[in-house]
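One-letter residues, chain by chain:
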Amino acid sequence: MTSVTHATSHLPVHRRVAGAPISWGVCEVPGWGLQLDPERVLGEMRDLGLAATEFGPAGFLGDEPSATAARLERFDLQAVGGFLPVVLHDPEHDPIPEVDAFIDTCLATGAGVVVLAAATGADGYDERPALDDEGWATLLGNLDRIGEHAASRGVIACLHPHVGTMVETGQETERVLGSSAIGLCVDTGHLLVGGGDPVAITAAHPERVVHVHLKDVDRAKAEQVIAGELTFGEAVDAGMFRPLGHGDVDVAAMVRTLEAHGYQGWYVLEQDVKLHGAPEGEGPGSDVRRSIDYLLGVAPVADSVPAL
Ligand SMILES: O=C1C[C@@H](O)[C@H](O)[C@@H](O)C1=O
(Lines give C-alpha, C1' and ligand atoms only; values in the text may rest on other atoms or scores of the structure.)
Protein backbone atom coordinates (compact mmCIF):
# COMPACT_ATOMS: atom_id res chain seq x y z
CA MET A 1 0.00 0.00 0.00
CA THR A 2 1.34 3.46 -0.87
CA SER A 3 2.04 5.54 2.21
CA VAL A 4 0.67 9.02 2.84
CA THR A 5 0.73 10.52 6.32
CA HIS A 6 -2.58 11.37 8.00
CA ALA A 7 -3.19 15.01 8.88
CA THR A 8 -4.45 13.63 12.18
CA SER A 9 -1.20 11.83 13.11
CA HIS A 10 -0.53 11.77 16.85
CA LEU A 11 -3.78 13.44 17.84
CA PRO A 12 -5.87 11.84 20.61
CA VAL A 13 -9.22 10.30 19.64
CA HIS A 14 -11.31 13.29 20.72
CA ARG A 15 -9.51 15.47 18.14
CA ARG A 16 -10.15 12.90 15.41
CA VAL A 17 -13.95 12.77 15.58
CA ALA A 18 -15.69 14.03 12.46
CA GLY A 19 -19.25 14.38 11.23
CA ALA A 20 -20.89 13.42 7.95
CA PRO A 21 -23.93 14.93 6.22
CA ILE A 22 -25.62 11.51 5.96
CA SER A 23 -26.24 11.67 9.73
CA TRP A 24 -28.49 14.62 8.87
CA GLY A 25 -30.17 12.65 6.05
CA VAL A 26 -28.11 14.28 3.29
CA CYS A 27 -27.38 11.53 0.78
CA GLU A 28 -26.20 10.95 -2.77
CA VAL A 29 -29.18 8.67 -3.56
CA PRO A 30 -31.87 10.50 -5.59
CA GLY A 31 -35.22 10.64 -3.73
CA TRP A 32 -33.63 9.59 -0.40
CA GLY A 33 -35.59 12.13 1.62
CA LEU A 34 -35.57 15.76 2.67
CA GLN A 35 -32.13 17.28 2.09
CA LEU A 36 -31.31 19.86 4.76
CA ASP A 37 -29.51 23.07 3.94
CA PRO A 38 -25.71 22.87 4.33
CA GLU A 39 -25.71 25.97 6.57
CA ARG A 40 -27.89 24.17 9.10
CA VAL A 41 -25.92 20.92 8.94
CA LEU A 42 -22.52 22.61 9.30
CA GLY A 43 -23.79 24.92 12.03
CA GLU A 44 -25.02 21.95 14.06
CA MET A 45 -21.75 20.08 13.53
CA ARG A 46 -19.82 23.08 14.84
CA ASP A 47 -22.16 23.47 17.81
CA LEU A 48 -21.74 19.79 18.69
CA GLY A 49 -17.98 20.36 18.90
CA LEU A 50 -17.02 18.20 15.91
CA ALA A 51 -13.55 18.93 14.59
CA ALA A 52 -14.21 18.14 10.97
CA THR A 53 -16.61 16.80 8.38
CA GLU A 54 -16.78 14.72 5.25
CA PHE A 55 -18.06 16.56 2.17
CA GLY A 56 -21.34 14.67 1.68
CA PRO A 57 -22.82 14.22 -1.80
CA ALA A 58 -21.36 16.02 -4.84
CA GLY A 59 -22.22 19.71 -4.77
CA PHE A 60 -23.61 19.75 -1.21
CA LEU A 61 -20.92 22.11 0.07
CA GLY A 62 -20.54 24.02 -3.21
CA ASP A 63 -19.71 23.40 -6.84
CA GLU A 64 -16.23 24.87 -6.77
CA PRO A 65 -13.43 23.56 -4.54
CA SER A 66 -12.66 27.11 -3.37
CA ALA A 67 -16.32 27.68 -2.36
CA THR A 68 -16.30 24.44 -0.38
CA ALA A 69 -13.09 25.49 1.37
CA ALA A 70 -14.50 28.92 2.24
CA ARG A 71 -17.74 27.44 3.57
CA LEU A 72 -15.98 24.95 5.86
CA GLU A 73 -13.67 27.66 7.13
CA ARG A 74 -16.67 29.82 8.07
CA PHE A 75 -17.88 27.02 10.33
CA ASP A 76 -14.42 26.29 11.70
CA LEU A 77 -14.58 22.70 10.43
CA GLN A 78 -11.62 20.86 8.95
CA ALA A 79 -12.22 18.89 5.77
CA VAL A 80 -11.79 15.14 6.03
CA GLY A 81 -12.47 14.20 2.39
CA GLY A 82 -15.46 12.13 1.49
CA PHE A 83 -17.40 9.37 -0.12
CA LEU A 84 -17.03 8.87 -3.86
CA PRO A 85 -19.15 6.17 -5.50
CA VAL A 86 -17.47 5.36 -8.80
CA VAL A 87 -17.79 2.53 -11.33
CA LEU A 88 -14.65 0.44 -10.99
CA HIS A 89 -15.59 -2.86 -12.65
CA ASP A 90 -16.27 -1.74 -16.23
CA PRO A 91 -13.29 -2.15 -18.59
CA GLU A 92 -14.79 0.59 -20.81
CA HIS A 93 -14.89 3.17 -17.99
CA ASP A 94 -11.87 5.09 -16.72
CA PRO A 95 -12.58 6.29 -13.16
CA ILE A 96 -9.44 8.45 -12.89
CA PRO A 97 -11.02 11.74 -14.15
CA GLU A 98 -13.77 11.54 -11.47
CA VAL A 99 -11.21 10.73 -8.83
CA ASP A 100 -9.00 13.60 -10.01
CA ALA A 101 -11.86 16.12 -9.76
CA PHE A 102 -12.51 14.89 -6.23
CA ILE A 103 -8.84 15.16 -5.31
CA ASP A 104 -8.91 18.78 -6.56
CA THR A 105 -11.51 19.50 -3.86
CA CYS A 106 -9.44 17.62 -1.27
CA LEU A 107 -6.37 19.69 -2.09
CA ALA A 108 -8.29 22.99 -2.05
CA THR A 109 -9.76 22.23 1.37
CA GLY A 110 -6.83 20.47 3.02
CA ALA A 111 -8.68 17.13 3.08
CA GLY A 112 -6.72 13.90 2.85
CA VAL A 113 -9.06 10.97 2.19
CA VAL A 114 -10.90 9.71 -0.91
CA VAL A 115 -13.41 7.10 0.24
CA LEU A 116 -14.24 5.00 -2.82
CA ALA A 117 -17.33 2.86 -3.15
CA ALA A 118 -17.56 0.33 -6.00
CA ALA A 119 -20.73 1.71 -7.59
CA THR A 120 -22.93 -0.59 -9.65
CA GLY A 121 -23.78 2.20 -12.08
CA ALA A 122 -27.42 2.32 -10.93
CA ASP A 123 -28.93 4.65 -8.33
CA GLY A 124 -29.48 3.45 -4.78
CA TYR A 125 -28.33 0.48 -2.76
CA ASP A 126 -31.34 -1.83 -2.82
CA GLU A 127 -30.00 -4.31 -5.37
CA ARG A 128 -26.81 -5.11 -7.20
CA PRO A 129 -25.66 -7.35 -10.05
CA ALA A 130 -23.13 -10.18 -9.56
CA LEU A 131 -19.61 -9.44 -10.71
CA ASP A 132 -17.84 -11.88 -13.06
CA ASP A 133 -14.09 -12.59 -13.10
CA GLU A 134 -13.36 -9.93 -15.72
CA GLY A 135 -15.28 -7.38 -13.64
CA TRP A 136 -13.32 -8.35 -10.54
CA ALA A 137 -9.99 -8.08 -12.36
CA THR A 138 -10.90 -4.61 -13.64
CA LEU A 139 -12.11 -3.47 -10.23
CA LEU A 140 -8.97 -4.68 -8.45
CA GLY A 141 -6.71 -3.13 -11.09
CA ASN A 142 -8.55 0.17 -10.83
CA LEU A 143 -8.24 0.17 -7.05
CA ASP A 144 -4.46 -0.15 -7.28
CA ARG A 145 -4.25 2.46 -10.03
CA ILE A 146 -6.35 4.90 -8.03
CA GLY A 147 -4.43 4.16 -4.81
CA GLU A 148 -1.12 4.98 -6.47
CA HIS A 149 -2.50 7.99 -8.33
CA ALA A 150 -4.05 9.47 -5.18
CA ALA A 151 -0.80 8.97 -3.26
CA SER A 152 1.12 10.72 -6.05
CA ARG A 153 -1.17 13.72 -5.50
CA GLY A 154 -0.71 13.58 -1.72
CA VAL A 155 -3.99 12.04 -0.54
CA ILE A 156 -5.07 8.58 0.59
CA ALA A 157 -7.61 6.53 -1.36
CA CYS A 158 -9.41 3.68 0.34
CA LEU A 159 -12.27 1.33 -0.45
CA HIS A 160 -15.51 1.46 1.56
CA PRO A 161 -17.35 -1.87 1.41
CA HIS A 162 -20.96 -0.71 1.19
CA VAL A 163 -24.32 -2.45 0.90
CA GLY A 164 -25.62 -2.42 -2.68
CA THR A 165 -22.19 -1.92 -4.26
CA MET A 166 -19.87 -4.41 -5.93
CA VAL A 167 -17.97 -4.88 -2.65
CA GLU A 168 -20.45 -5.51 0.13
CA THR A 169 -19.77 -8.74 2.05
CA GLY A 170 -17.00 -9.82 4.39
CA GLN A 171 -15.83 -12.30 1.75
CA GLU A 172 -15.70 -9.65 -0.96
CA THR A 173 -13.81 -7.36 1.41
CA GLU A 174 -11.25 -10.14 2.04
CA ARG A 175 -10.91 -10.63 -1.72
CA VAL A 176 -10.06 -6.95 -2.15
CA LEU A 177 -7.58 -7.05 0.72
CA GLY A 178 -5.94 -10.19 -0.64
CA SER A 179 -5.65 -9.05 -4.25
CA SER A 180 -5.06 -5.30 -4.13
CA ALA A 181 -2.96 -2.94 -2.04
CA ILE A 182 -5.75 -0.37 -1.52
CA GLY A 183 -6.40 0.88 2.00
CA LEU A 184 -9.68 0.01 3.72
CA CYS A 185 -12.41 2.27 5.08
CA VAL A 186 -14.08 0.14 7.73
CA ASP A 187 -17.72 1.12 8.07
CA THR A 188 -19.01 -0.74 11.12
CA GLY A 189 -22.59 -0.58 9.87
CA HIS A 190 -22.21 -1.52 6.22
CA LEU A 191 -19.85 -4.41 6.95
CA LEU A 192 -22.27 -5.85 9.49
CA VAL A 193 -25.31 -5.42 7.22
CA GLY A 194 -23.22 -7.05 4.45
CA GLY A 195 -22.83 -10.11 6.69
CA GLY A 196 -19.23 -9.34 7.75
CA ASP A 197 -17.72 -8.76 11.18
CA PRO A 198 -16.17 -5.28 11.28
CA VAL A 199 -14.15 -5.87 14.46
CA ALA A 200 -12.75 -9.19 13.22
CA ILE A 201 -11.82 -7.74 9.83
CA THR A 202 -10.12 -4.81 11.56
CA ALA A 203 -8.25 -7.10 13.95
CA ALA A 204 -7.10 -9.30 11.05
CA HIS A 205 -5.90 -6.40 8.87
CA PRO A 206 -5.20 -3.41 11.14
CA GLU A 207 -2.42 -2.12 8.88
CA ARG A 208 -4.90 -1.80 5.99
CA VAL A 209 -7.42 0.37 7.84
CA VAL A 210 -6.85 4.00 6.87
CA HIS A 211 -10.31 5.44 7.51
CA VAL A 212 -13.25 4.59 9.77
CA HIS A 213 -17.00 5.22 9.58
CA LEU A 214 -18.70 4.48 12.89
CA LYS A 215 -22.36 3.59 13.08
CA ASP A 216 -24.25 1.21 15.32
CA VAL A 217 -26.74 -1.32 13.99
CA ASP A 218 -29.90 -3.07 15.09
CA ARG A 219 -28.76 -6.62 14.23
CA ALA A 220 -32.30 -8.01 13.88
CA LYS A 221 -33.04 -5.50 11.11
CA ALA A 222 -29.68 -6.19 9.46
CA GLU A 223 -30.59 -9.88 9.41
CA GLN A 224 -33.86 -9.02 7.67
CA VAL A 225 -31.84 -7.24 4.96
CA ILE A 226 -29.52 -10.24 4.62
CA ALA A 227 -32.54 -12.56 4.40
CA GLY A 228 -34.10 -10.36 1.69
CA GLU A 229 -37.09 -9.47 3.90
CA LEU A 230 -36.27 -5.75 3.87
CA THR A 231 -34.45 -3.68 1.26
CA PHE A 232 -31.57 -1.54 2.47
CA GLY A 233 -33.68 1.61 2.06
CA GLU A 234 -36.60 0.10 3.99
CA ALA A 235 -34.28 -0.95 6.79
CA VAL A 236 -32.81 2.56 7.04
CA ASP A 237 -36.38 3.88 7.27
CA ALA A 238 -37.09 1.37 9.99
CA GLY A 239 -34.17 2.72 12.06
CA MET A 240 -31.61 -0.03 11.38
CA PHE A 241 -28.75 2.38 12.03
CA ARG A 242 -28.51 3.51 15.63
CA PRO A 243 -26.44 6.02 17.59
CA LEU A 244 -23.22 4.47 18.91
CA GLY A 245 -23.78 2.34 21.99
CA HIS A 246 -27.45 1.77 21.16
CA GLY A 247 -27.10 -1.20 18.83
CA ASP A 248 -25.21 -4.46 18.41
CA VAL A 249 -21.80 -3.33 17.14
CA ASP A 250 -18.98 -3.59 19.67
CA VAL A 251 -17.81 -0.04 19.02
CA ALA A 252 -15.62 -0.01 22.14
CA ALA A 253 -13.72 -3.09 20.91
CA MET A 254 -13.41 -1.53 17.48
CA VAL A 255 -11.85 1.68 18.79
CA ARG A 256 -9.60 -0.21 21.26
CA THR A 257 -8.34 -2.47 18.48
CA LEU A 258 -7.62 0.42 16.15
CA GLU A 259 -5.85 2.55 18.75
CA ALA A 260 -3.78 -0.39 19.99
CA HIS A 261 -2.54 -0.90 16.44
CA GLY A 262 -1.60 2.74 15.99
CA TYR A 263 -4.54 3.90 13.86
CA GLN A 264 -4.11 7.62 13.30
CA GLY A 265 -7.03 8.47 11.04
CA TRP A 266 -10.47 9.95 11.53
CA TYR A 267 -13.46 8.47 13.33
CA VAL A 268 -16.36 9.68 11.20
CA LEU A 269 -19.75 9.50 12.92
CA GLU A 270 -22.08 8.32 10.25
CA GLN A 271 -25.58 7.19 11.04
CA ASP A 272 -27.46 6.81 7.75
CA VAL A 273 -30.92 8.31 8.26
CA LYS A 274 -33.77 9.52 6.05
CA LEU A 275 -35.88 12.57 6.77
CA HIS A 276 -39.46 12.53 5.56
CA GLY A 277 -40.27 16.05 6.67
CA ALA A 278 -38.75 18.99 8.49
CA PRO A 279 -37.22 17.61 11.68
CA GLU A 280 -38.85 18.61 14.94
CA GLY A 281 -36.96 19.71 18.04
CA GLU A 282 -33.23 19.18 17.97
CA GLY A 283 -33.54 16.93 14.90
CA PRO A 284 -30.83 14.50 13.74
CA GLY A 285 -28.18 16.32 15.79
CA SER A 286 -29.49 14.67 18.96
CA ASP A 287 -28.41 11.21 17.75
CA VAL A 288 -25.02 12.61 16.73
CA ARG A 289 -24.66 14.01 20.25
CA ARG A 290 -25.40 10.56 21.71
CA SER A 291 -22.76 9.03 19.45
CA ILE A 292 -20.15 11.61 20.42
CA ASP A 293 -20.84 11.04 24.13
CA TYR A 294 -20.57 7.29 23.73
CA LEU A 295 -17.39 7.42 21.64
CA LEU A 296 -15.60 9.76 24.01
CA GLY A 297 -16.68 7.56 26.91
CA VAL A 298 -15.08 4.42 25.43
CA ALA A 299 -12.05 5.94 23.68
CA PRO A 300 -8.84 4.86 25.37
CA VAL A 301 -6.79 7.63 26.92
CA ALA A 302 -3.71 8.13 24.73
CA ASP A 303 -1.03 6.66 26.98
CA SER A 304 -3.03 3.74 28.31
CA VAL A 305 -3.60 1.82 25.09
CA PRO A 306 -2.43 -1.74 25.63
CA ALA A 307 -0.14 -3.17 22.96
CA LEU A 308 -1.85 -6.12 21.25
O1 LIG B 1 -20.25 6.27 3.88
C2 LIG B 1 -21.36 6.53 3.52
C3 LIG B 1 -21.59 7.72 2.70
C4 LIG B 1 -23.03 7.99 2.61
O5 LIG B 1 -23.41 9.13 2.04
C6 LIG B 1 -23.66 6.75 2.15
O7 LIG B 1 -24.88 6.91 1.58
C8 LIG B 1 -23.76 5.97 3.38
O9 LIG B 1 -24.48 4.82 3.21
C10 LIG B 1 -22.42 5.71 3.91
O11 LIG B 1 -22.24 4.79 4.68
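As annotated in an unreviewed UniProt entry, the chain is Inosose dehydratase from Nocardioides marmoribigeumensis.

What about the overall build of the chain?
The helix and strand tally for the chain stands at eleven helices and ten strands. The burial tally for the chain puts 56% of its 308 residues in the buried class. Long-range pairs, those at least 24 residues apart, make up 82% of the contacts in the chain with a sequence separation of at least 6. Total accessible area computed for the chain in this model is approximately 12,600 Å², and 48% of it derives from carbon and sulfur atoms. Here the chain contributes 19 positively and 46 negatively charged side chains, and the mean placements of these two sets differ by 6 Å.

Some details on the site of the ligand
Not every one of the 13 residues close to the ligand is listed here, only the nearest: E28, H162, H190, E270 and D272. Note that an oxygen atom of the ligand is positioned 2.7 Å from one of the side-chain N or O atoms of H162. Between E270 and the ligand, the recorded distance is 2.7 Å, taken from a side-chain N or O atom to an oxygen atom. With the chains in place, 96% of the 280 Å² that the ligand exposes on its own is no longer accessible. Tallied by class, the residues present in the shell around the ligand amount to four nonpolar, four polar and five charged.

Section: the environment of E172
With respect to the helices and strands, E172 occurs in helix α5 (residues 170-179). Distance in space between the C-alpha atoms of E172 and D248 is 22 Å, their sequence separation being 76 residues. If near-sequence neighbours (up to four positions away) are discounted, E172 is found in contact with R128, W136, M166 and V167.

Points about the side chain of E168
Within the secondary structure, E168 is located in the loop between β5 (156-159) and α5. A polar atom in the side chain of E168 sits 3.4 Å from the side chain of R128. Those residues within four positions of E168 in sequence are excluded, and the remaining contacts are R128, H162, V163, H190 and G194.

A short note on the sheet that holds strand β2 (residues 52-54)
Sheets are built from strands that pair by backbone hydrogen bonding, the pairs being arranged parallel or antiparallel. With parallel pairing, the eight strands of this closed barrel are ordered in space as β1-β2-β3-β4-β5-β6-β7-β10. Between one strand and the next, the sheet's axes are offset by a mean angle of 30 degrees, whatever the strand orientation. Bridge count for strand β1 (residues 17-19) against β2 is two bridges, and the pairing is parallel. The residue bridging G19 from the neighbouring strand is T53, located in β2. Contacts between helix α4 (residues 133-152) and the sheet are confined to β4 (113-119) and β5, with β5 contributing the most and set at about 155 degrees to the helix.

Section: the packing of helix α3 (residues 96-109) against α4
With their axes 11 Å apart at the nearest point, α3 and α4 run at an angle of 30 degrees to one another. In terms of orientation, α3 lies roughly parallel with respect to α4. Read as a crossing pair, α3 and α4 show a hand that is right-handed. Of α4, the residues touching α3 (which contributes I96, V99, D100 and I103) are R145, I146, H149 and A150. Grouping the constituent residues of the contact of α3 with α4 by class yields five nonpolar, one polar and two charged.

Parameters and conventions
Residues numbered from 1 in each chain as written. Predicted model: local features only at pLDDT ≥ 70, side-chain atom pairs only at ≥ 80, totals over all residues. Heavy atoms only, no water. Helix = DSSP H or I, 4+ residues; strand = E, 2+ residues; numbered from the N terminus. Buried < 20%, exposed > 50% of the residue type's maximum accessible area, 1.4 Å probe, protein only. Contact = heavy atoms within 4.5 Å. Areas by Shrake-Rupley, 256 points an atom, 1.4 Å probe, with all protein chains shown as cover. Lys, Arg positive; Asp, Glu negative; His and termini not counted. Charge placed at Lys NZ, Arg CZ, Asp CG, Glu CD. Near = heavy atom within 4 Å. Polar contact = N/O pair within 3.5 Å; in protein donor to acceptor, adjacent residues only side chain to side chain. Nonpolar A, V, L, I, M, F, W, Y, C, P; charged D, E, K, R; others polar. Pairing = 2+ DSSP bridges. Axes fitted to C-alpha atoms, helices over the stretch in contact; angles between N-to-C directions. Parallel < 35°, antiparallel > 145°, perpendicular 65-115°, else oblique. Left-handed = near helix turned anticlockwise from the far one by under 90°.

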